[in-house]
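Take a look at the letters that make up each chain.
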Amino acid sequence: MSRTATDPDSGADQPPPGDDTAFFGQPRGLLTLSGLEVWERFSFLGMQAILVLFFADTVAHGGMGMDPGTAASVSAAYGTLVYLVSVAGGWLADRILGSYRAVLWGGILIACGHYSMAVPTATMTWVGLGLISAGTGLLKPNVATMVGKLYRTDDERRDAGFALYYMGINLGAFAGPLITGWLGDHKGWHWGFSAAAVGMTLGLIQYVAGRRHLAGRRATAEYRLPDDALRRTVRTLVIGAVVVAALAAVLATAGWLTMDRFVDLLTVVSVIAPVVYFAVMFRSPRVTPEERGRLRPYLVLFVASVAFNFILFQAYSTMMLLASTNARTEIFGFHFPASWYASALGAFEVALAPVVATVWARMGPRQPHASNKIAIGVILGGLSFVLMVLPTSGHRDDTYLMSAWWIVGSYLLLGLGDILLETSGMSATTKLAPKAFANQTMSLWFLSLALANGIQAQTVKLYGEVSNPAYFGVNGAIAVAVGVAVIALAPWLRRTMHPVH
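What counts, and where the lines are drawn
Position numbers for residues count from 1 along each chain, tracking the sequence in the order it is written. For a predicted model such as this one, the threshold for reporting local features is a pLDDT of at least 70, and the threshold for listing and counting side-chain atom pairs is 80 or more; totals across whole chains, interfaces and linings nevertheless cover every residue. Water and hydrogen atoms play no part in the side-chain values, which are based on all heavy atoms of the structure. Here a Phe, Tyr or Trp ring, Trp counted by its six-membered ring, pairs with any other such ring whose centre lies within 6.5 Å, and the pair is stacked when the planes are under 30 degrees apart, edge-to-face when over 60, and tilted otherwise. Helix and strand assignments follow DSSP, with helices taken as H or I runs no shorter than four residues and strands as E runs no shorter than two, numbered in order from the N terminus. The cut-offs for exposure are 20% and 50% of the maximum accessible area for each residue type, with area from a 1.4 Å probe on protein chains only; residues under the lower value are buried, those over the upper are exposed, and the others partly exposed. Helices are assigned an expected span. That span is 1.5 Å times one less than the residue count. Axis geometry follows a simple rule: fit a line to the C-alpha atoms, using only the stretch in contact for helices, then measure angles between N-to-C directions, giving values from 0 to 180 degrees. Angle categories are assigned with fixed cut-offs, so that under 35 degrees is roughly parallel, over 145 is roughly antiparallel, 65 to 115 is roughly perpendicular, and the rest are oblique. Note: crossing handedness is left-handed where the near helix turns anticlockwise from the far helix by less than a right angle, and right-handed where it turns clockwise. Any two residues whose heavy atoms approach within 4.5 Å are treated as being in contact. Given a residue, its bend is the angle between the two axes fitted to the seven residues that end at it and to the seven that start from it. Polar contacts, as used here, are pairs of N or O atoms within 3.5 Å; protein pairs need one atom able to donate a hydrogen and one able to accept it. Residues neighboring in sequence count only if both atoms are side-chain atoms. Method remark: on a 1 Å grid restricted to protein atoms, a set of points is classed as a cavity if a 1.4 Å probe fits but cannot get out and as a pocket if it is open with protein on both sides within 12 Å along at least five of seven lines; lining residues have an atom within 4 Å of a point. Grid points are joined across faces, edges and corners, and a volume is the space filled by probe spheres set on the points. Each residue is assigned to one class: nonpolar for Ala, Val, Leu, Ile, Met, Phe, Trp, Tyr, Cys and Pro, charged for Asp, Glu, Lys and Arg, and polar for all the others, Gly among them. We define the nonpolar core as a collection of buried residues of types Ala, Val, Leu, Ile, Met, Phe, Trp, Tyr and Cys that are connected through side-chain atoms lying within 4.5 Å of one another. We define a salt bridge as a side-chain nitrogen of Lys or Arg found within 4 Å of a carboxyl oxygen belonging to Asp or Glu.

Attention now moves to the packing of aromatic side chains. In this structure the tally under the stated criterion is 17 aromatic pairs. Residues phenylalanine 54 and phenylalanine 193 carry aromatic rings whose centres are separated by 5.4 Å and whose planes lie at 85° to one another, so their mutual orientation is edge-to-face. With a gap of 139 residues between them, phenylalanine 54 in helix H1 (residues 29–56) and phenylalanine 193 in helix H6 (residues 189–209) connect regions that are remote in the sequence. The exposure classification of phenylalanine 54 matches that of phenylalanine 193, with both residues buried. Ring centres 5.4 Å apart and planes at 85° place the aromatic pair tyrosine 471 and phenylalanine 472 in the edge-to-face group. Each of the two residues, tyrosine 471 as well as phenylalanine 472, counts as buried. One aromatic cluster is present, formed by Phe54, Phe55, Trp126 and Phe193 through successive ring pairs.

Take a look at the structure:
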């Protein structure tokens, strides 16, 4: 039976009408997707804020007993795995599940992972991190793609919509560390992980409830594999997963697959994966010459994303370790857990995202080109680290305590940079994506996050080995240099990034 106009899913793959302005001038579906991200970020970043502290805490206090450098490296490796899996998540949505179901199943896996981490055993901690990695890889690239599907390519509300979406992300990023940090500090780390589990469950409930407002919600994949190929693919994936798990267990039991080697392996994969992925898209016969031309400037945006997120992710690793040992945990006489510093980043982004969205909406076609927004974001991220050179310099030993305002000021620069880069970067990705690789090109953006984490997993090993001024100063200066280089390339980027403005 053919579809009719009364079929509730007849417009499932089409953007809503241009007069759909129910959510602050944006399509109503943006509220559903932003609501999901509030709770997903609540759970993910709430857990991330205490994860490195949990790893570094003593076994007697319920931690894992790692030294700070190892704790930061393992935490970064977990982030690498999360975003590497996003490649499979994009492909599964394009070819098997469809965007809606990929996001739904991703959220279910994330919730199960957090519930697993609530069990106070080392084994369940690693099981939980594995489930969260798989679930986030399904959810993150596809929910961002669904946001892009709410807008037509020439809709000037797109950048403002992504800014509001990102504000939703950061509401969760603000609230998550407050709850999990307090529970981890006062009740125990696994109580904090329990709060993250509840948050993700609430996100899933509201996502299903708002389904009818979403574009891309149909039950089948947009580029679904033929039935025979689908069965072969599913069988291969299942067998492959079992073989890899068994091999990892054997190597770990034999003592070859140590934690350090696993971290190194993830870093190598994070470097190889984007190289292979770009090569596949450039050579694919399903990518038109025009689409291939738009992928070249995307390489520049990819490098910019790596440079910025290398700094950003350390807000939850080296900066968190620095705050726990060398920063005061009181403001105006109010004492707080060190993990609450992570909420400052979310708070700034919540406050600044609507300001940025309003500015872009009012400027309309006069707003800066996306490449310049991204470049400024990278420079601000670098400056957030350069700023930390000042309070960490001139001390005879490591027993000093800096004012809390230094950490807060660093996070202010980082938060503004994050808004500029991530909103423009994700928006540009949905415009530059070849049609046949729509969800997978968003996965490629997340591969830049995997590479940033992969590089971080090696670099953070130097934390505590070199002086803090040298560590933060050099890393920050590199990011600033990358941002300046992107600005220098602005004329070429403007010519080649059509239809991005």
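Back to the write-up after that little detour.
Time to look at H6. In a regular helix each residue adds 1.5 Å, so 21 residues correspond to 30 Å; H6 covers 32 Å between its end C-alpha atoms and thus fits that length. Regarding H6, the residues found buried are Trp189, His190, Gly192, Phe193, Ala195, Ala196, Ala197, Gly199, Met200, Gly203, Leu204 and Tyr207.

The next point concerns the packing of H1 against helix H4 (residues 122–148). At a minimum axis separation of 11 Å, H1 and H4 run at an interaxial angle of 150°. It follows that H1 is roughly antiparallel to H4 by the angle criterion. Taken as a pair, H1 and H4 cross one another with a handedness that is left-handed. Side by side, H1 and H4 meet where Leu30, Leu33, Leu36, Glu37, Glu40, Arg41, Phe44, Met47, Leu51, Phe54 and Phe55 of the first sit next to Thr125, Trp126, Leu129, Ile132, Thr136, Leu139, Lys140, Val143, Met146 and Val147 of the second.

Turning our eyes to something else, we now look at helix H2 (residues 68–97). A rise of 1.5 Å per residue sets the reference length of H2, with its 30 residues, at 44 Å; its end C-alpha atoms lie 40 Å apart and thus fit the reference within 8%. Helix geometry: H2 is bent most strongly at tryptophan 91, by close to 25°. Burial runs high along H2: 24 of the 30 residues are buried. By the N-cap criterion, in which a side-chain oxygen at the helix start approaches the backbone nitrogen of a residue two or three places on, H2 is capped by aspartate 67, the distance to glycine 69 being 3.1 Å. At the C-terminal side of H2, glycine 98 shows a positive phi close to 85°.

Taken as a whole, this structure holds two cavities of 30 Å³ or more when the rule is applied. For the largest cavity, the lining is made up of 24 residues, of which Arg41, Tyr83, Tyr166, Leu312 and Phe313 are closest to its centre. At the level of elements, H1, H2, helix H5 (158–186), helix H9 (289–312), helix H11 (341–363), helix H14 (404–432) and helix H15 (438–459) are the ones that each hand at least two residues to the lining of the largest cavity. Its residues assigned to classes, the lining of the largest cavity shows 13 nonpolar, six polar and five charged.

The next point concerns the nonpolar core. Burial of nonpolar side chains together is a common tendency in soluble globular proteins. Core analysis: the largest hydrophobic core is formed by 95 residues, its most contacted members being Met47, Tyr341, Ile407 and Tyr411. If you tally residues by element for this core, the top one is H9, at 12 residues. Filtering out sequence-adjacent residues up to four positions away, tyrosine 341 remains in contact with Ala323, Ala327, Arg328, Thr329, Phe336, Ala404, Ile407, Val408 and Tyr411. Of all hydrophobic cores here, the second largest spans 35 residues; its members include Leu33, Tyr166, Tyr207 and Ile419.

This part is about the environment of valine 480. When you line up the elements, valine 480 lands in helix H16 (residues 468–488). When the C-alpha positions of valine 480 and glycine 377 are compared, they lie 9.5 Å apart, and in sequence the two are 103 residues distant. Excluding residues that lie within four positions of it along the chain, valine 480 makes contacts with Ile379, Gly382 and Leu383.

Let us look at the side chain of threonine 80. With respect to the secondary-structure elements, threonine 80 resides in helix H2. Residue class for threonine 80 comes out buried when judged on its relative accessible area of 1%. When sequence neighbours within four positions are dropped, the list of residues in contact with threonine 80 reads Leu266, Ser270, Ala450, Asn453 and Gly454.

The tally for this structure, following the rule as stated, stands at three salt bridges. We note a salt bridge from glutamate 37 to lysine 140, for which the minimum N-O separation is 3.1 Å. Here glutamate 37, found in helix H1, pairs with lysine 140, found in helix H4; they are 103 residues apart in sequence, far enough to count as distant. The residues glutamate 37 and lysine 140 share a single accessibility class, namely buried. A salt bridge links lysine 461 to aspartate 264, with the shortest nitrogen-to-oxygen separation between them at 3.2 Å. Of the two residues, lysine 461 sits in the loop between H15 and H16 while aspartate 264 sits in helix H8 (residues 259–283), which places them 197 residues apart along the sequence. Here lysine 461 falls in the partly exposed class, since its relative accessible area comes to 31%.

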